[in-house]
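Breakdown of the fold
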Amino acid sequence: LAVQKFGRRLKNISYRIQERSADVFAALQEILSSVKIVHGFATYEKENERFKRINRESVKAVLKAGRLNSIYTPVMELLGAMGVAAVFWYGGYRVINGHMTIGDLMAFIGYIGIITTPVRRMGSNLGNIQQAMAAAHRIFSVLDIEPSIKDKEDAIEIKDIKGLIEFDNVWFKYPDDDEYILKGVSFKIMPGQVFAIVGPSGAGKTTIIDLIMRFYDPQKGSVKIDGYDVRDLSMRSFRQHLGFVPQDVILFNATISENISYAKANATTEDIIWAAKISNAHEFIDKMEKGYDTILGERGVRFSGGERQRISIARAVIKNPKIFLLDEATSNLDASSESQFQEALKKVLKGRTTIIVAHRLSTIIFADKILYLENGKIVEEGTHNELMNKKNGKYRMLFELQTKENIFASL
Ligand SMILES: Nc1ncnc2c1ncn2[C@@H]1O[C@H](COP(=O)(O)OP(=O)(O)OP(=O)(O)O)[C@@H](O)[C@H]1O
Ligand SMILES: [Mg+2]
């Protein structure tokens, strides 16, 4: 009986370890897949703390089980040996008496073997978990390495910004590549203007957004905000003013409130609801049983693409940023999500300099300027009407193609 009780306790603990290490890996996976969000919203310390906390809890669980295990193993071995001896003795006695066949006895001993194997394996599982933890630790220390993009020593702390964005003959290639991805891109967006970037997949649209966020630095030319080269600004200070909605909508395994207020530590409930309303997310959140306390499933699978995107937009606008960068998700939205998204966009854009990377051209017809990017170069630019007036223009062809697709889709 004591063994049973002890075993149950060990099982509980071993289960807890598995749970905790699952926590560690979930957190790790979240952080690794959301490096852009963590850096973009400058919440690095917050993530580091969160991970350390989860990891600490997990280590505690492992240590506790380890202690228990070191008592458990010798006791168990001894009891086991005694048990086997007893079984042989009593079994032999019954076989001799004719109450039991030799086959029954062998089967019984076989069963004991089957039971002891998982018990033994539990011990080696502890070792595996510890190894995995060490690996997790190593991965995390990689994140701790000094980033190649960092503030200058005399970086300028920028308080308020107007929202002027300028690309001046920007040439950029990714660190390990030979070929330039952006080849002399220049444009200037006045405060409050809405620019759209369109073009084929791989043209370099997301790369442009990444350069504004300063995830990378260009090899030639410069990216400027309010006339300052972003390399001269303190990253934390200028990213404060950027509302960033990445192409892959990344939501955390936490409540909707926590996801929306992610970048604003002191956000009030009013702030959160305000951001959700602007993003057209309030209505569907409010309808849910637990409302803003609803926890998003692993990687937010319980929501539709459109809903997740609107939560992601709310997270970007809660800080009321002067500059809004939206990399539209490629996933197809249904007609109602699409119009909800349109509405949200109209409200969000007011009073902000905006860049929208658009895949559905219907979302950006109203833009002050549309840049058509192909193979790292701007090949057409103008308003929707100007670009539609170009015979054999690329934008016009793409627009007509999408309109046709829409007609087919609605048939
Ligand atoms: N981190 C990276 N390292 C190396 N190459 C990259 C990286 N990210 C993108 N690229 C390459 O740079 C080019 C431009 O990519 P980018 O993501 O900017 O395209 P895009 O216009 O946003 O495409 P899409 O419409 O599919 O989102 C592509 O050829 C891509 O393979
Ligand atoms: Mg992209």
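Procedures and definitions
- Residues numbered from 1 in each chain as written.
- Chains lettered and ligands numbered in written order.
- Predicted model: local features only at pLDDT ≥ 70, side-chain atom pairs only at ≥ 80, totals over all residues.
- Heavy atoms only, no water.
- Helix = DSSP H or I, 4+ residues; strand = E, 2+ residues; numbered from the N terminus.
- Buried < 20%, exposed > 50% of the residue type's maximum accessible area, 1.4 Å probe, protein only.
- Areas by Shrake-Rupley, 256 points an atom, 1.4 Å probe, with all protein chains shown as cover.
- Pairing = 2+ DSSP bridges.
- Contact = heavy atoms within 4.5 Å.
- Axes fitted to C-alpha atoms, helices over the stretch in contact; angles between N-to-C directions.
- Near = heavy atom within 4 Å.
- Polar contact = N/O pair within 3.5 Å; in protein donor to acceptor, adjacent residues only side chain to side chain.
- Nonpolar A, V, L, I, M, F, W, Y, C, P; charged D, E, K, R; others polar.
- Expected span 1.5 Å × (residues − 1).
- Core = buried A, V, L, I, M, F, W, Y, C linked by side-chain atoms within 4.5 Å.
- Donors = N, O, S within 2.8 Å, 3.2 Å for Na, K, Ca; no water.
- Salt bridge = Lys/Arg side-chain N within 4 Å of Asp/Glu carboxyl O.
- Patch = residues over 30% accessible without salt bridge, like charges linked within 9 Å, V, L, I, M, F, W, Y side chains within 5 Å.
- Phe/Tyr/Trp six-rings, centres within 6.5 Å; stacked < 30°, edge-to-face > 60°.
- Arc of directions from axis to C-beta.

**Here we look at the overall build of the chain**
The helix and strand tally for the chain stands at 13 helices and 10 strands. When burial is assessed residue by residue, the chain has 43% of its 411 residues classed as buried. Accessible area for the chain stands at about 22,300 Å²; split by element, carbon and sulfur atoms hold 55% of it.

**Details of the sheet that holds strand 1 (residues 165-172)**
Taking strand neighbours across the sheet as the criterion, the 4 strands line up as 2-1-4-5 in an open arrangement whose pairing is antiparallel. The sheet terminates laterally at strand 2 (182-189) and strand 5 (228-229), the two strands that pair on one side only. Relative to strand 1, helix 5 (residues 205-212) is tilted by about 115 degrees, and along the sheet it contacts strand 1, strand 2 and strand 4 (220-225).

**Brief notes about the site of ligand 1**
Around ligand 1, the surrounding shell holds 14 residues, and the nearest of these are Ser-201, Gly-202, Lys-205, Thr-206 and Thr-207. Backbone polar atom of Gly-202 to an oxygen atom of ligand 1: 2.8 Å apart, as the coordinates give it. At 3.0 Å from an oxygen atom of ligand 1 is found a main-chain nitrogen or oxygen belonging to Gly-204. When isolated, ligand 1 has an accessible area of 640 Å², and the protein chains bury 63% of it. For the shell around ligand 1, the residue count by class is 5 nonpolar, 7 polar and 2 charged.

**Overview of helix 10 (residues 305-317)**
Over its 13 residues, helix 10 runs 19 Å from end to end, which matches the ideal 18 Å to within 8%, given 1.5 Å per residue. Taken across its 13 residues, helix 10 has 11 buried, putting it largely inside the fold. Of all the positions in helix 10, only Gly-306, Arg-308, Gln-309, Arg-310, Ile-311, Ser-312, Ile-313, Ala-314, Arg-315, Ala-316 and Val-317 are classed as buried.

**Some words on the nonpolar core**
Ile-260, Phe-324, Ile-364 and Tyr-395 are the most contacted members of the largest nonpolar core, which totals 41 residues. Here this core gets 5 residues from one element, more than from any other, and that element is helix 10. Each residue touching Ile-260, except ones within four places of it in the same chain, is listed here: Ile-272, Ala-275, Ala-276, Ile-285, Tyr-292, Ile-311, Ala-314, Arg-315 and Ile-318.

**A few points about the coordination of the magnesium ion (ligand 2)**
Summarising the metal site, the magnesium ion (ligand 2) is bound by the protein donors Thr-206 (OG1) and Gln-247 (OE1), whose distances to it range over 1.9 to 2.3 Å. Pair noted here: Thr-206 is in helix 5 and Gln-247 is in the loop between strand 6 (242-245) and helix 7 (256-260), with a separation of 41 residues, a long-range link. Judged by relative accessible area, which is 25%, Gln-247 ranks as partly exposed.

**Some points on the pairing of strand 7 (residues 323-327)**
Across the 5 residues of strand 7, 5 count as buried, placing the element largely inside the fold. A two-sided burial pattern is seen for strand 7, the buried positions comprising Ile-323, Leu-325 and Asp-327 on one face and Phe-324 and Leu-326 on the other.

**A few points about the pattern of salt bridges**
Across all of its chains, the model carries 9 salt bridges by this definition. A salt bridge links Glu-328 to Arg-360; the shortest N-O distance between them is 3.5 Å. Placement of Glu-328 in the loop between strand 7 and helix 11 (335-349) and of Arg-360 in the loop between strand 8 (353-357) and strand 9 (369-374) is noted, with a sequence separation of 32 residues between them. Judged by its relative accessible area of 11%, Arg-360 is buried. Measuring nitrogen to oxygen at the nearest pair gives 2.9 Å for the salt bridge that ties Glu-374 to Lys-394.

**Description of a nonpolar patch on the surface**
Residues Trp-89, Tyr-90 and Tyr-93 make up a contiguous nonpolar surface patch of about 430 Å² in total accessible area. Tracing the sequence through the fold places Tyr-90 in helix 3 (residues 44-97). The exposure class of Tyr-90 is partly exposed, given its relative accessible area of 44%.

**As for the packing of aromatic side chains**
Note on aromatic pairs: each is described by the distance of the centres and the angle between the planes. Enumeration over the complete set of coordinates arrives at 10 aromatic pairs. Ring geometry for Tyr-174 against Tyr-216: centres 5.1 Å apart, planes inclined by 85 degrees, an arrangement best described as edge-to-face. Here Tyr-174 is found in the loop between strand 1 and strand 2, whereas its partner Tyr-216 is found in the loop between helix 5 and strand 4, with 42 residues between them in sequence. With relative accessibility at 23%, the residue Tyr-174 sits in the partly exposed group.

**Considering unusual backbone geometry**
Residue Arg-214 is not a glycine yet carries a positive backbone phi of 60 degrees. Looking at the secondary structure, you find Arg-214 in the loop between helix 5 and strand 4. Exposure remark for Arg-214: the relative accessible area of 4% places this residue in the buried category.

**Things to note about the side chain of Thr-363**
Secondary-structure assignment places Thr-363 in the loop between strand 8 and strand 9. In this structure the side chain of Thr-363 is engaged in a polar contact, spanning 3.1 Å, whose partner is the side chain of Glu-328. Beyond its immediate stretch of four places on either side in the chain, Thr-363 contacts Glu-328, Glu-338, Phe-341, Gln-342, Leu-345 and Ala-358.

**Describing the environment of Met-388**
If you trace the backbone, Met-388 turns up in helix 12 (residues 384-388). Beyond its immediate stretch of four places on either side in the chain, Met-388 contacts Tyr-395, Arg-396 and Phe-399.

**A look at helix 8 (residues 269-278)**
For helix 8, the full list of buried residues reads Ile-272, Ala-275, Ala-276 and Ile-278. The arc enclosing the buried residues of helix 8, seen along the axis, measures out at 165 degrees, which places them on a common side. For helix 8, the exposed residues set more than 90 degrees away from the buried face come down to Thr-269 and Glu-270. Backbone geometry just downstream of helix 8 places Asn-280 in the positive-phi region, at approximately 60 degrees.

**Observations concerning the environment of Ile-209**
Summarising the element assignment, Ile-209 is placed in helix 5. As a C-alpha pair, Ile-209 and Val-245 span 36 residues in sequence and 9.9 Å in three-dimensional space. Beyond its immediate stretch of four places on either side in the chain, Ile-209 contacts Phe-244, Leu-325, Ile-355 and Val-357.

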